[in-house]
Amino acid sequence: MFYQAFDAKSSSYFRREEGENFSFPQHLHICYELIVILEGEMTVTIDNVPYLLKKNDFVLIFPNQIHSLDSKVSRHILFLFSPKLVQAYTSEKQGLVPENSLMHLTENMKNSVLSLDENSSKFEIKGTLYTICGCLDQSVSYKSAYNDKKNILFKIFEFVEENFNKDCSLNRLSKVTGHEYTYLSRLFKQFTGFSYIQYVNMMRLNHAGYLLHNTDISILECSIECGYNSLRSFNRNFKNYHGTTPQKYRKSSHYSYHKALEYPSMQNNY
């Protein structure tokens, strides 16, 4: 699957989530993701490379790396954070990913990471995250993140991210990328297992879920903000996607990035 983290373009986006016996299908997003195993084992597969994580192992997943999580018995903590929180590192490693994403941290460094949450000061968060990036940088080499088809795929993701609440048609995408819209549509379906239009709707409706849980805007304003011209269409699509109406969804439990609806796994064709 492909999944876009909500509000991840914010320069201060940082989120901590904890879980047990957790699995999540293939996806990618524009955040870094740092995972630590507290107990048991978890297999984290990044760009088709499996890493078996055991107690106190860390793995750092770069923005736009395709990854999945699989565990039957484990406890973990994961951190999602905006690339802008470590802007200098992100800029220097643009277009690169680690050859090996597994990390072994000192006890002091591990405790510093595990003490972070959304209430930590921005200076503590930035300082700790930069130290993590520095530890990885000292221990790994890097490789190119792209091949030609994957590069086009990322351009599609970037286009949808920036335009999902307005004109996001394949025709406009074709003009922006310089590729025929039929080729783009076929390529996207090949990689993800679902259509471009389905993905645009996923983006819109995930963003709608975020807005309903984190703002006080009306349902109508939410539909417009998410690119819908018809409130009726928005309500229908929202219920089909989230399994409930926008009104009931707003009253439900707290929105969680990794507890959002799951979608069909993407095909390993890259």
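## Considerations on the overall build of the protein chain
Consideration 1: Scanning the protein chain for helices and strands turns up 10 helices and 11 strands.
Consideration 2: Residues counted as buried form 52% of the 270 residues belonging to the protein chain.
Consideration 3: For the protein chain, the share of sequence-separated contacts (at least 6 apart) that also reach a separation of at least 24 residues comes to 75%.
Consideration 4: Accessible surface for the protein chain amounts to roughly 13000 Å². Of this, 47% is attributable to carbon and sulfur atoms.

## Looking at the sheet that holds strand β2 (residues 24–27)
The strands that make up a sheet are held in pairs by hydrogen bonds between backbone atoms, and each pair lies either parallel or antiparallel.
Consideration 1: Taken in spatial order, the 4 strands of this open sheet run β2-β7-β4-β5, and their pairing is antiparallel. The sheet is open, and its two borders are formed by β2 and β5 (49–53), each paired with just one other strand. Adjacent strand axes in the sheet meet at a mean angle of 15° when their direction is disregarded.

## Some thoughts on the pattern of salt bridges
Consideration 1: The tally for this structure, following the rule as stated, stands at 6 salt bridges.
Consideration 2: Between R15 and E17 there is a salt bridge whose closest N-O contact spans 2.8 Å.
Consideration 3: Classification of E17 as buried rests on a relative accessible area of 11%.
Consideration 4: The partner of E92 in a salt bridge is K93, with the nearest N and O atoms 3.1 Å apart.
Consideration 5: Under the relative-accessibility criterion, K93 is labelled buried at 11%.
Consideration 6: The structure contains a network of salt bridges with shared partners spanning E92, K93 and D137.

## Quick notes on a nonpolar patch on the surface
Consideration 1: Taken together, the side chains of L220, I224 and L231 present a nonpolar region at the surface, about 260 Å² in accessible area.
Consideration 2: Relative to the helices and strands, L231 resides in helix α9 (residues 231–242).
Consideration 3: The exposure class assigned to L231 is partly exposed, which follows from its relative accessible area of 33%.

## Regarding helix α2 (residues 107–114)
Consideration 1: When we look at burial in α2, the residues that qualify are M109, K110 and V113. With its buried residues spanning 100° around the axis, α2 presents them on a single face.
Consideration 2: Check the buried side of α2 and you find it contacts β3 (32–40), β6 (58–61), β8 (74–81) and α3 (122–139).

## With respect to the pairing of β8
Consideration 1: Among the 8 residues that make up β8, 7 are buried, leaving the element largely enclosed by the rest of the structure.
Consideration 2: Bridge count between β3 and β8: 8 bridges; the pairing is antiparallel. Bridge assignment links L34 to a residue of β8, and that residue is F79.

## With respect to the sheet that holds β6
Consideration 1: An order of β1-β8-β3-β6-β10 is seen for the 5 strands of this open sheet, with the pairing classed as antiparallel. Strands with a single pairing partner mark the edges of an open sheet, and in this sheet they are β1 (14–20) and β10 (102–103).

## Points about the confidence of the model for the protein chain
Consideration 1: On average, residues of the protein chain carry a pLDDT of 87, and 90% of them reach 70 or more.
Consideration 2: Every residue in residues 1–6 scores below 50 in pLDDT, and together they form 44 contacts with partners more than four places removed in sequence or on other chains.

## Comments concerning the nonpolar core
Generally speaking, soluble globular proteins have nonpolar side chains that are buried together.
Consideration 1: One finds I156, V160, F188, Y196 and F234 to be the most contacted residues of the largest nonpolar core, which totals 36 residues.
Consideration 2: Of all the elements in the fold, those that place two or more residues in this core are α4 (148–163), α5 (170–177), α6 (181–192), α7 (196–214), α8 (219–225) and α9.
Consideration 3: In contact with Y196, not counting residues within four places along its chain, are I156, F159, V160, C168, S169, L170, L173 and F188.
Consideration 4: Counting residues in each nonpolar core, the second largest holds 28 residues, with L105, I125, L129 and Y142 among its members.

## Topic: the packing of α5 against α6
Consideration 1: It is at 9 Å that the axes of α5 and α6 come closest, and there the two elements cross at 100°. On the basis of their axis angle, the class for α5 and α6 is roughly perpendicular. Facing α5, whose interface residues are L170, N171, L173, S174 and T177, α6 presents Y181, L184 and S185.
Consideration 2: Considered class by class, the residues forming the contact of α5 with α6 number 4 nonpolar, 4 polar and no charged.

Basis of the calculations
- Residues numbered from 1 in each chain as written.
- Predicted model: local features only at pLDDT ≥ 70, side-chain atom pairs only at ≥ 80, totals over all residues.
- Heavy atoms only, no water.
- Helix = DSSP H or I, 4+ residues; strand = E, 2+ residues; numbered from the N terminus.
- Buried < 20%, exposed > 50% of the residue type's maximum accessible area, 1.4 Å probe, protein only.
- Contact = heavy atoms within 4.5 Å.
- Areas by Shrake-Rupley, 256 points an atom, 1.4 Å probe, with all protein chains shown as cover.
- Pairing = 2+ DSSP bridges.
- Axes fitted to C-alpha atoms, helices over the stretch in contact; angles between N-to-C directions.
- Salt bridge = Lys/Arg side-chain N within 4 Å of Asp/Glu carboxyl O.
- Patch = residues over 30% accessible without salt bridge, like charges linked within 9 Å, V, L, I, M, F, W, Y side chains within 5 Å.
- Arc of directions from axis to C-beta.
- pLDDT = per-residue confidence, 0-100.
- Core = buried A, V, L, I, M, F, W, Y, C linked by side-chain atoms within 4.5 Å.
- Parallel < 35°, antiparallel > 145°, perpendicular 65-115°, else oblique.
- Nonpolar A, V, L, I, M, F, W, Y, C, P; charged D, E, K, R; others polar.

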